[in-house]
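In case you want the letters, here they are:
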Amino acid sequence: QGANLKASPGASAPPAAGGSAEQFRGKARLPSFAAPRRYELFLRPDLVACTFSGSVAISVAVSAPTRFLVLNALDLSVNRASIRFQALAPTEVVFFKDDGVLVLGFAKQLPLGEGVLKMDFTGILNDQMRGFYRSKYQYKGKERNMAVTQFESVDARRCFPCWDEPAFKAKFKLTLEVPSELVALSNMPVANATFAGPIKTVHYQESPPMSTYLVAIVVGLFEYVEGMTTKGTRVRVYTQIGKSNQGKFALDVGVKSLNLYKDYFDTPFPLPKLDMVAIPDFAAGAMENYGLVTYREVALLFDDKSSSASSKQSVAITVAHELAHQWFGNLVTMEWWTHLWLNEGFATWMSHLAVDSFFPQWNIWAQFLDRTTTALRLDSLEASHPIEVEIHHASEVDQIFDAISYDKGASVIRMLQSYLGAERFQKAMASYMKKYAYSNAKTEDLWAVLEKETGEPVKDLMTTWTKQKGYPVINAKIKGNDIEIEQAQFLLDGSSGSGMWIVPLTSRCGAYDTEKKLLLKLKREKLVIGSQCGDRKKGGNFWTKLNIDGTGFYRVKYDDELAAALQNALETKKLSLMDKIGIVDDLYALSIARQQTFASLLHLLYGYRGEADYSVLSHINTVTTSIAKISADATPALAGDIKQLLIKILLSPAEKLGWDPKKGESHLDVMLRPLLLTALVQLGHGKTINEGVRRFNIFTRDRGTSLLPPDTRKAAYLAVMQNVSSSNRSGYDALRKIYKESAEGEERLQVLGILSSCRDKGIVLESLNLIFTSEVRNQDAYILLRGIQPEAREISWNWLKENWELISKTFAGSLITDFVETIVPLFTSNEKAAEISKFFATRTKPGFERTLKQSLENVRISARWAEGIRSEPGLAQTVRELLAKP
Ligand code: BES
Ligand code: ZN
């Protein structure tokens, strides 16, 4: 317990004894002269009036002379007369609304040691999906409310006055007063409940020390399925009445995950039970509250008949992610939000480790490269940020839940693990977990443990990746028997940054059994290659691939000879899946940065035309989608031919798979089919569109038809949308009807995802406006936004401008960034970037400033890329040659 005091230094300890309350305004962190040890929290939600009342008694340890207690509270009405510290009433009660801070000033210095702070308060069950909020659901044809909490990052203060920072761990003892017929859940099991007619009072067991952002409450009507871990921990999945069958898959993954993590960390699950609950209105995908994990319905429920293979996979990943947090995040917690990546990067990485062990046939580590390439993309922007990011104010925390914390975080962990070796890494993680259990840790603390356990220079190595933004591109040039390598920061705008990294380099050459490792510390270095790399002069069997399996967080630029050799290795099927993904993504990025030609990218892509693997093709699809978009702007005259070329690359695997599932086919083929069909529809492939429409027409008459199972539905919907217009809207109306009538979450969302995927202005507007109706939950708006096609960017941008006031009022936190992130990057001109930037000049909020900057940078990068393509000599020739190849 004493560790807490040491672990929670305020930004700078203020002169605690004197001064005025004003000294606590606008601070990044609460002062540390008083810290909570234990909370007794009572809450009484009123699900009809959508309000709540409560009282809290906090045991506070005062460790330095002060006459103030400074804690957090926001949007609560605190009853001033009720406030007492021991027997003392405050002489001064001040709220700093912008900071969410409550300052209590007392007449004289508080006694050192522990005392109890008490107060009563009331609040509103809001509909912003944060703090203590209400969600709506249907039961027996009637609308009902449930009460739910979502506290991460800084919203526990909206539910009860508290020290709302991760380092202030304390024990929690909760009591709820709720209608007797409802299920009332919290982090801990029920200790006892007393009934008084329609009302029950539920007392929960006291929790171990934990952070406020992990406290949770759910009150509503639910049913559940139940399982048990090998150590006898009870696990339940709670769903809406009638849907508990759909919780079975998540339950199975949940139980397996708890078993696996217990072994991995060599530490038992610390709580007596684990509940997982599907919540109808939920801002994030899922939240790892200690012992009471909450999910969006689609992130938890899986139904054999109505769900797709990709949703099965995402349920597994999500459950494994949240349960990894029960150790990494909940038992050992980041000391401050600067270290958020420890939580999110680790949970992301571990979820793949777990899912790979449960479902080896999914080849999830190849799919993990999606995470790495997403992060490499974002981190090649000037407006990126380091993994460890300074947080100056609570309002800045929400925006760091981004691809840098999650995906770059997970990727550098994978890089480190592969450098240290899986076993050594696991051992060190287990001792880290034991050392910091029930306490907090910083990034350096993890490096120190890893360094001690392995003897490797972990801190120096990793600091170059976590404290500076960006990453290097390794230039590789062959000179005699050596490969000269040189690192330089990679930026998509074509400039070169000044960053330097310690790079765990790996290479394979000629044959896969020869692997080399080198820790690159300097700017330049030589890699000696021997005859095992094949004979350079004979060509054919000579090749070298750096960054084996993409475990490193960097890109590689090969000289012409090495590149040609690799292309040859690709076409003669010498490369691993992950290496195939790496070369195409690197060349794609180098082409955007104009370090390689667009023609060379098309050439390389053409080498993938026989590819049949899901994860490789999923990356190829990302690249082809982007190419189709940029060529429409860069070379409209050539865009049609380029599309034909892209179709040529994707068509043969698509034809092999067809529309109908085959008996006994693999999970990955089931996922590949819709990926390819959707890609072909988007590229305007007539035959695929017609077939999609045909199947859809049958589906509208017979919703049980086997011609359109859940996996391929979206492709058919998208095909229908290709022909829809304001004057020919029957397909659109049919889709809207499915959306309205379907009871299945995933099916509804699949429709929502394509309603705006249309060239017709009227239809696009009609779809976007659904966002403001009760037909679309606020949590789902982004799904509609993501469907917008480049052809509809003007109309969408105008719509955004016209509705901005309403949007910024309706959507809180991260939900508002979705509007910027989906619409702005559709543009590819500097003029538009200037216009957009001007519009937002007077309208930014701390929550989305960085997203806006990044989106605008992307527009400028696209503009520069398009310009390069336009002036590239011989491009038309290349396209024609490739098209003409047999
Ligand atoms: N801790 C997050 C939830 C969260 C996200 C809280 C943003 C506050 C702000 C949770 O562990 C998480 O990462 N959820 C992911 C799903 C996961 C499978 C990547 C999410 O919500 O997208
Ligand atoms: Zn997480």
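Residues numbered from 1 in each chain as written. Chains lettered and ligands numbered in written order. Predicted model: local features only at pLDDT ≥ 70, side-chain atom pairs only at ≥ 80, totals over all residues. Heavy atoms only, no water.

Enquirer: I tried to follow the overall build of the chain on my own but got confused; where do I start?
Expert: Secondary structure assignment for the chain yields 28 helices and 28 strands. Radius of gyration (C-alpha) of the chain: 28 Å, near the 29 Å computed for a compact globule of 886 residues. When its C-alpha atoms are laid out on the principal axes, the chain stretches across 90 × 65 × 55 Å. Counting across all 886 residues of the chain, residues that qualify as buried make up 61%. Pairs at least 24 residues apart make up 71% of the contacts formed inside the chain by residues separated by at least 6 positions. As displayed, the chain has an accessible area near 32,900 Å², and 51% of this comes from carbon and sulfur atoms. Seen as two clouds, the 106 positive and the 98 negative side-chain charges of the chain have centres 1 Å apart. (Helix = DSSP H or I, 4+ residues; strand = E, 2+ residues; numbered from the N terminus. Rg over C-alpha atoms; globule rule 2.2 N^0.38 Å. Buried < 20%, exposed > 50% of the residue type's maximum accessible area, 1.4 Å probe, protein only. Contact = heavy atoms within 4.5 Å. Areas by Shrake-Rupley, 256 points an atom, 1.4 Å probe, with all protein chains shown as cover. Lys, Arg positive; Asp, Glu negative; His and termini not counted. Charge placed at Lys NZ, Arg CZ, Asp CG, Glu CD.)

Enquirer: Explain the site of ligand 1 here, please?
Expert: E152, G285, E288, E322 and Y406 are the nearest of the 14 residues found near ligand 1. Within the side chain of E288, an N or O atom sits 2.6 Å from a nitrogen atom of ligand 1. Between H321 and ligand 1, the recorded distance is 3.0 Å, taken from a side-chain N or O atom to an oxygen atom. Compared with its free state, where it exposes 510 Å², ligand 1 has 79% of that area covered by protein. (Near = heavy atom within 4 Å. Polar contact = N/O pair within 3.5 Å; in protein donor to acceptor, adjacent residues only side chain to side chain.)

Enquirer: What should I look at first to understand the coordination of the zinc ion (ligand 2) in this one?
Expert: Tetrahedral coordination by four donors places them ideally at 109.5 degrees to one another around the metal; octahedral coordination by six donors ideally gives 90 or 180 degrees. In this structure, H321 (NE2), H325 (NE2) and E344 (OE) serve as the protein donors to the zinc ion (ligand 2), at separations of 1.9 to 2.1 Å. Each donor residue of the zinc ion (ligand 2) belongs to the same chain, and together they define the spacing H-x3-H-x18-E. With H321 in helix α4 (residues 309-327) and E344 in helix α5 (residues 340-358), this residue pair connects regions lying 23 residues apart in the sequence. For E344, a relative accessible area of 2% gives the class buried. (Donors = N, O, S within 2.8 Å, 3.2 Å for Na, K, Ca; no water.)

Enquirer: Looking at this structure, how should I read the pattern of salt bridges?
Expert: Two side chains of opposite charge can pair, provided their charged atoms sit close to one another. For the coordinates displayed, the defined rule picks out 55 salt bridges. The shortest N-O distance in the salt bridge between E456 and R424 comes to 3.2 Å. With E456 in the loop between α9 (443-454) and α10 (458-466) and R424 in helix α8 (residues 422-436), the pair connects residues that are 32 residues apart, well separated along the chain. Taken together, the shared-partner salt bridges in this structure form one network comprising R508, E515, K545, D549 and D579. (Salt bridge = Lys/Arg side-chain N within 4 Å of Asp/Glu carboxyl O.)

Enquirer: Looking at this structure, I do not really get the packing of aromatic side chains. What am I missing?
Expert: The geometry of an aromatic ring pair is captured by the separation of the ring centres together with the interplanar angle, meaning the angle of the planes. One pass over the structure, following the stated rule, counts 47 aromatic pairs. Judged by centre distance (6.0 Å) and plane angle (40 degrees), the ring pair of F249 and F359 falls under tilted. In this pair, F249 sits in helix α2 (residues 248-265) while F359 sits in the loop between α5 and α6 (364-378), placing the two residues 110 residues apart along the sequence. Here F249 falls in the buried class, since its relative accessible area comes to 13%. Residue classification places F359 among the buried positions, given a relative accessible area of 11%. Taking NZ or CZ as reference, R236 lies 4.0 Å from the ring centre of Y224, over its face. One cation-aromatic arrangement involves R748 over Y739; the distance from NZ or CZ to the ring centre is 4.2 Å. (Phe/Tyr/Trp six-rings, centres within 6.5 Å; stacked < 30°, edge-to-face > 60°. Lys NZ or Arg CZ within 6 Å of the ring centre and 35° of its normal.)

Enquirer: How should the UniProt feature "binding site: Zn(2+)" (unreviewed entry) in the chain be read in this particular structure?
Expert: With numbering aligned to this structure, UniProt lists the feature "binding site: Zn(2+)" (unreviewed entry) at H321, H325 and E344. Separation in sequence by 24 residues is not matched in space for these annotated residues, since their most distant C-alpha atoms are only 8.6 Å apart. Beyond its immediate stretch of four places on either side in the chain, H325 contacts E288, N330, L331, N343, E344 and A347. A distance of 3.1 Å separates polar atoms of two side chains, one belonging to H325 and the other to H321. Setting aside chain neighbours within four positions, we find E344 in contact with E152, E288, H321, H325, F401, S405 and Y406. (UniProt positions renumbered as here; feature names shortened; annotations may be inferred.)

Enquirer: What exactly am I supposed to notice about the UniProt feature "domain: ERAP1-like C-terminal" (unreviewed entry) in the chain here?
Expert: In the numbering used here, UniProt assigns the feature "domain: ERAP1-like C-terminal" (unreviewed entry) to residues 543-860. Secondary structure within residues 543-860 divides into 67% helix and 2% strand; the distance between the first and last C-alpha atoms comes to 36 Å.

Enquirer: Any chance you could explain the sheet that holds strand β9 (residues 142-150) here in plain terms?
Expert: Either a parallel or an antiparallel arrangement is found when strands of a sheet pair, and the pairing is made through backbone hydrogen bonds. Taken together, 4 strands build an open sheet; the order of strands is β8-β9-β14-β11 and the sheet is antiparallel. Taken across any chain shown, the strands that pair with only one partner, and hence form the sheet edges, are β8 (131-139) and β11 (183-186). Within the sheet, the average angular offset between the axes of one strand and its neighbour, ignoring direction, is 15 degrees. Note: β11 against strand β14 (residues 217-220), 4 bridges, orientation antiparallel. Bridge pairing in β14 links L185 to V218. (Pairing = 2+ DSSP bridges. Axes fitted to C-alpha atoms, helices over the stretch in contact; angles between N-to-C directions.)

Enquirer: I would appreciate a short explanation of the confidence of the model for the chain in the present structure.
Expert: Keep in mind that low pLDDT regions are not for reading the predicted coordinates in detail. Mean pLDDT over the chain works out to 95, with 97% of the residues at or above the 70 mark. For residues 1-15, every residue scores under 50 in pLDDT, and the model assigns this stretch 31 contacts once sequence neighbours within four places are set aside. (pLDDT = per-residue confidence, 0-100.)

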